Amino acid sequence: MVDSHDPESAESCSLTEDDVEPKLKYVRLSNDIKNILSEEAISCIAVHPRFLCLGTHWGRIHMLDHQGNCVHTVINRKENAHILSVNRISVDSRGEQIATCSDDGKVIISGLYTDENNQVLSTGKIIKAVELDPNHNRSGSGKRFIIGDNKLVMYEKTFLKGLKSTILSDSEGQVTAIKWNGQFVAWASSLGIHVYDLNEKCSLGFIQWEEPKEGKLTDYRCNLNWSNATTLLIGWVDTVRICVIRKRNAVEVSTRNLPVHIVDPMSTFQTDFFICGIAPLETNQLVVLGYAKERDSETNKALRPILCVLQYNASDYIEICTDSLSMRGYEEYKCDDYHLDCLIDENQYFIVSPKDVVVANLYETDDRVQWLIEHGKFEQAMDVIATHGGKYSLITVARLYLDHLLSLQHFDEAARLCQRVFGTDKQLWEEEVYKFVKVKQLRSVSSYIPITDACKLNPHVYEMVLYEYLQLDPSGFLQLVKDWPPRLYNTKAVINAVNDHFNKKDANILLEALAILYTHEKEFDRALTMYLKLQHKDVFELITTYELYGMVKDCIVQLIELDSERAIAMLLKDKIPAEDVVRELEHCEQYLYRYLDAYDKVTSNEKFHWRLVNLYARYEPDKLLSFLKRSNSYPIQEAYDICQGLKFYPEMVYLLDKMGSTREALTIIMHNLQDVPMAIDFCKEHDDMDLWNDLINESVDKPHVMTKLLNSIAGFINPELLVDKIKPGQDIEGLKESIIKMLCGYSLQVSIQEGCNQILGADYFDMHERLVRVQQGALCVTPDNVCGVCRRDIIVKDNMKTDIVMFNCRHYFHEPCLLDKYNLDICIVCNTKKLGSTGTF
């Protein structure tokens, strides 16, 4: 078989659409067949897995192997088998017998290895079709064969080696095609197709064919083929029909006397071309050889034949691929000059014209991969390799794909491909990453390059990526320095590169990168300096992570200015002495206040409270009073002077009260705060008669204050003191109601006190009576009780009686155990008085 890249064979087919993946590849047969076709023209073909059998218009039969070489058999050595064109060749399933027929009226059956069963049948009629029993060589098969003229006739060998003929069916005109499959025989007449059941000896049905719009039905050859035991493929004129032979319902067969099987058309559709041959491919797929209905617009000659792969459904089809075939002399041929035969099990198809034989094979895995690569469909090629394997490796195709993507400048897609295919293969990464170096696109691959210990590349690779970012994308360089572990590359080399390419435009970015790199090198002082220079908040993480507290004593103010909350939170971790922080913040009182305020919340140490009084007074006066109340570690007089200077009257009241100057505090409440309820509460809190007198004296000339006092003093002072101060004729609004309320309150208080006294008296006598009753009751003594001194059982079993002393506290003693030195009226365990009697046991 000639290589498909041979100049002659390369034109055997061409795809009509370059981007559609072909299903078939083509090779033109060469070798001995060239000599045959130089003298003769092919009229028909029969294909067997072991050989090819060609019939010619000169009536000769040629047997060849699948590479086009002549096979030296009896058939090839014979003279012309027929005197006219060979119409049909049939080969049995074992490839031992062939049958041929011709317009000369002869049917010849020849053995390839023996002439024992050779037959020559002269009918005197034109024979267009002959078909050997597929099991022709099986013992007892009868050596049957079927021919067709104006009838369908079966011949079989008799006991005496004669031929017995049986007319299976009359025909509507000439029988033009026969296909035998097991017990079923499909054959075509001039009107349609019949299917005959040899077991039941009856016709299963007739499929009438429509006449074409141009010409007659008999002008076109009917093409029959079986795709399996029950599926018949028919291609005639420009119509395809797929029929299935199925069994009828058993009840229908028995009641209506019908054949067991029936032919059921399952799909019918029309094509855009005339059909020269039909063969099965995969499920619901056909290979159809077609002849164009149109003619060449310039020469009015025939166009190239086409081979289509179709996927059919009930009434239509999908064209999977269509190949235009460059058959020799195609311009002069008619539709019936082409033939198609196949080896179904091998998916091999033989396309025949009078002067050419082309073999089509399904694209194998390697063929598909090669085609996909040539057409830039690398993803599909990799999918095919992953599923089916083949001679191409996934890595080989991936590398080609990578080159293709880089040539198209699809850099990110190329980088993703590397990650997907190379995975953790260190060698592949190091080999292929240099392709990105050439196009200065290491940045594209940086997000996908492996950085784990499982696949750590040469440090030089990572340094090249960083160097490219440093030159072209400083922001990306900084991000990589943040993301990549420092173990991947030589940090000193990268630091030197940054210093060499330092520029003012990207100064902040490069300084931050240097800070990170110096951190990796453990040069924390430099890193700290960089961060502070940048005013970058990552400085806090640097300090806390590496505990650089000893380095920040001189830059506390800078840290607070950068982020006061984080700085103060860091300073409160007891890593830096509070005294040092206070000393550093001495000249920044606002920062000092924030620090001491936070410090006071997290510690019970009050050593800086003396500073906080003044700081609260300046920055948050609202917190001052609560601070004064909860702290005892500040100089009261200094605090009072500060509050006095700022006229913080509530704070002054508290401090005066704390210093014992209650009357002065009351004066501030009345004169400065003018808060009567507060003054009343102040007097109630201290319950000092002098304070009440001062308050009453302050209220005499103020009727509204007098009213509030009358409403509030009940239970604290004698109301007469206040009432006596009221001047005759003085107009006090609500005086009557206030006095009534005061008296009612006073009366209620008296009543409550009397009621409480009665309850207490009754409770006293009840409790006293209960106590006397309990003390007069008996005490239980059991063997479980023990002496409080000797710790033996209180009840002693001996002849001598022993007195027992019992106390109300439930302690028991043997009287001998209580020595004279003890006071027998008091329990020596809990000092409880003794019970009134002594028992004897």
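With an unreviewed UniProt entry as reference, the protein chain is termed RING-type domain-containing protein, source organism Anopheles coluzzii. Recorded under Subcellular location (unreviewed entry), the UniProt text for the protein chain is reproduced unchanged: "Lysosome".

Engineer: What should I look at first to understand the sheet that holds strand β18 (residues 223–226) in this one?
Structural biologist: Pairing between the strands of a sheet is mediated by backbone hydrogen bonds and can be parallel or antiparallel. The four strands lie next to each other as β18-β19-β20-β21, forming an open sheet whose pairing is antiparallel. Unpaired on one side and paired on the other, β18 and β21 (261–270) mark the two borders of the sheet. Each strand of the sheet is rotated relative to its neighbour by a mean of 20°, with strand direction disregarded. Note that strand β20 (residues 239–247) and β21 share nine bridges and pair antiparallel. When the sheet's bridge partners are listed, Ile245 is paired in β21 with Val263.

Engineer: Is there a simple way to explain the packing of helix α24 (residues 662–673) against helix α26 (residues 689–699) in this structure?
Structural biologist: Relative orientation and spacing of two packed helices are given, respectively, by the angle between their axes and the distance between those axes. In the contact formed by α24 and α26, the axes pass within 10 Å of each other and the chain directions differ by 25°. On the basis of the axis angle, α24 is roughly parallel to α26. Note that α24 runs across α26; the crossing there is right-handed. Across the interface between the two elements, Thr662, Arg663, Leu666, Met670 and His671 from α24 touch Asp690, Leu691, Asp694, Leu695 and Glu698 from α26.

Engineer: Can you walk me through the sheet that holds strand β13 (residues 163–170) in this structure?
Structural biologist: Pairing in this open sheet of four strands is antiparallel, and the strands run β10-β11-β12-β13 from one edge to the other. Each of the sheet's edge strands pairs with one partner strand only, and the pair in question is β10 (129–132) and β13. Sheet twist, expressed as the mean angle between neighbouring strand axes with direction ignored, is 20°. Pairing of strand β11 (residues 145–148) with strand β12 (residues 151–157), which is carried by four bridges, proceeds in the antiparallel orientation. Along β12, the bridge assignment pairs Gly148 with Leu152.

Engineer: Hey, could you run me through the packing of aromatic side chains in this one?
Structural biologist: Taken as a whole and judged by the stated rule, the model has 17 aromatic pairs. Look at Phe269 and Tyr317: their rings are 4.9 Å apart centre to centre, the planes differ by 40°, and that puts the pair in the tilted class. Pair noted here: Phe269 is in strand β21 and Tyr317 is in strand β25 (residues 317–325), with a separation of 48 residues, a long-range link. Judged by relative accessible area, Phe269 falls into the buried class, the value being 4%. The ring centre of Trp209 lies 5.1 Å from the NZ or CZ of Arg241, which sits over that ring. The ring of Phe274 is capped by Lys293, whose NZ or CZ atom sits 5.5 Å from the centre of that ring.

Engineer: I would appreciate a short explanation of the nonpolar core in the present structure.
Structural biologist: Across soluble globular proteins, you tend to see nonpolar side chains buried next to one another. One finds Leu559, Tyr595 and Leu628 to be the most contacted residues of the largest nonpolar core, which totals 126 residues. Among the nonpolar cores identified, the runner-up in size contains 48 residues, and Tyr220, Val263, Cys321 and Val358 belong to it.

Engineer: Looking at this structure, how should I read the pairing of strand β23 (residues 285–292)?
Structural biologist: Burial analysis of β23 places eight of its eight residues in the buried class, the great majority of the element. Side chains Gln285, Val287, Leu289 and Tyr291 of β23 all project onto a buried face; the interleaved residues Leu286, Val288, Gly290 and Ala292 project onto the opposite face, where all are buried too. Direction of pairing for strand β22 (residues 273–280) relative to β23: antiparallel, over a ladder of seven bridges. The partner of Ile278 across the bridge, within β23, is Val288.

Engineer: Explanation requested: the side chain of His136 in the structure shown.
Structural biologist: You can see His136 is positioned in the loop between β10 and β11. Once residues lying within four places of it in the same chain are set aside, the contact partners of His136 are Asp92, Gln97, Ser141, Lys143 and Arg144.

Cut-offs used in this document
- Residues numbered from 1 in each chain as written.
- Predicted model: local features only at pLDDT ≥ 70, side-chain atom pairs only at ≥ 80, totals over all residues.
- Heavy atoms only, no water.
- UniProt positions renumbered as here; feature names shortened; annotations may be inferred.
- Pairing = 2+ DSSP bridges.
- Helix = DSSP H or I, 4+ residues; strand = E, 2+ residues; numbered from the N terminus.
- Axes fitted to C-alpha atoms, helices over the stretch in contact; angles between N-to-C directions.
- Parallel < 35°, antiparallel > 145°, perpendicular 65-115°, else oblique.
- Left-handed = near helix turned anticlockwise from the far one by under 90°.
- Contact = heavy atoms within 4.5 Å.
- Phe/Tyr/Trp six-rings, centres within 6.5 Å; stacked < 30°, edge-to-face > 60°.
- Buried < 20%, exposed > 50% of the residue type's maximum accessible area, 1.4 Å probe, protein only.
- Lys NZ or Arg CZ within 6 Å of the ring centre and 35° of its normal.
- Core = buried A, V, L, I, M, F, W, Y, C linked by side-chain atoms within 4.5 Å.

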